[in-house]
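Geometric and topological summary
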Amino acid sequence: MAIGDIPTFALYGETRDDPAADWIHCETIQARSRLHNYRILPHRHEKLFQILHLASGTAEIVLDGRSMSLTAPALVALPPMTVHGYRFSPDVEGMVLTLFDSRLSHILADMDGVRETFRSVQVIRLHAHENAACTLAADIGSLADEFAGRRPGRSEAIQARLMLILIALHRLHGAGQGASHRSVGRRALQHALRFRELVDRDFRSNQSIEAYARSLGLTPPHLNRICREHLGDTALGVIHQRIILEAKRYLTFTSLSAKEIALALAFEDPAYFARFFKQRTGLPPLAFRAMQQSTMA
């Protein structure tokens, strides 16, 4: 159920995966949140990608320890392992779409650039995009109708609606970023994204840069150049960023000691972990935890 003490659910409050279930699940925000007094405690999904559509009402959101407020209409897209929690207003309306991340990769396999968008958290406020907000609400409603029924071609219709939703979110993300960050080195970009996937999978195992490079069919210097160009850091820096992110999650969402966190992250020397963390964040681990607790109180 949990990695460390951070709850890891299939859906919130559900610890088992049902192999007979649909590849996508669709439900209203009300359906689950009202069972928990409109508060969803911080948790994460190991293999699931999730889209939350806030159609009316408000939400206080915690994403990997960062808090923000949202007023409808808005959308949140969450890749696997993002620690997230919500506090909704009782008048909240909207939908939550949850699907296997592997299915998302399959759906977007031939869509250049779109898959990359959804490897990171997306929070999209729709107040300035009235037409897009209406279209997204209609597509999400149509997907929910297909999910609730058993008409012929149901799965294909759901996938088609989902693809329209994902493309719309990708375009909105591009608009927010200035839509000018596309790289001419598409193959290099794919190597960078694959490297990040490997790091997400293996960051606890202390693999060398040489081992990662061999897995990608690259030399270490070439991998470093690609990482600097597309990920903004060296290959080692990307690995360290991932370790720090996980350490921050443990410190924010668990009661594990700094020593226990060090061991969970494969540091043999807890003192070295403390120095490593402070060097990259400016704070010792327990000072970071105290700061997070004060901001989330």
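A brief structural summary.

So, how was this worked out
Residue numbers here run from 1 along each chain, matching the order of that chain's written sequence. Local features are withheld for residues below a pLDDT of 70 in this predicted model, meaning they are given only at 70 or higher, and side-chain atom pairs are given and counted only at 80 or more; totals for whole chains, interfaces and linings count all residues. The side-chain quantities take in all heavy atoms of the structure and omit both hydrogens and water. Two strands pair under a simple rule: DSSP has to find at least two bridges between them. Strands here mean DSSP runs of E at least two residues long; helices mean DSSP runs of H or I at least four residues long; both are numbered from the N terminus. For every element, the axis is a line fit to its C-alpha atoms; helices are fit only across the contacting stretch, and the angle between N-to-C directions ranges from 0 to 180 degrees. Any residue under 20% of the maximum accessible area for its type is buried, any over 50% is exposed, and the rest in between are partly exposed; the area is computed with a 1.4 Å probe on protein chains only. Each polar contact in these results corresponds to two N or O atoms within 3.5 Å; when the atoms are within protein, one needs to be able to donate a hydrogen and the other to accept it, and residues that are neighboring in sequence are counted only if both atoms are side-chain atoms. The contact criterion used is simple: two residues touch if any of their non-hydrogen atoms lie within 4.5 Å.

**Remarks on the sheet that holds strand β7 (residues 66–71)**
The strand order across the open sheet formed by four strands is β4-β9-β6-β7, and the pairing between neighbours is antiparallel. Edge positions in the sheet fall to β4 (39–43) and β7, since each of these pairs with one other strand and no more. Within this sheet the neighbouring strands show an average axis-to-axis angle of 15°, counted without direction. In the sheet, strand β6 (residues 58–63) pairs with strand β9 (residues 84–88) via five bridges, with the strands oriented antiparallel. Note on β9: the bridge partner recorded for Glu60 is Arg87.

**Thoughts on the side chain of Arg115**
Mapped onto the elements of the fold, Arg115 is located in helix α3 (residues 114–117). For Arg115, a relative accessible area of 9% gives the class buried. A distance of 3.0 Å separates the side chain of Arg115 from the side chain of Ser105, its partner in a polar contact.

**Considering the environment of Phe49**
Examined against the element boundaries, Phe49 turns out to sit in strand β5 (residues 48–56). Here Phe49 falls in the buried class, since its relative accessible area comes to 0%. The spatial distance from the C-alpha of Phe49 to the C-alpha of Asp101 is 5.1 Å, given a sequence separation of 52 residues. Those residues in contact with Phe49 that lie beyond four places of it in its chain are Ala77, Leu78, Pro79, Leu97, Thr98, Leu99, Asp101, Leu104, Phe118 and Leu166.

So, to be careful, I would describe these as geometric facts and stop short of saying anything about function.
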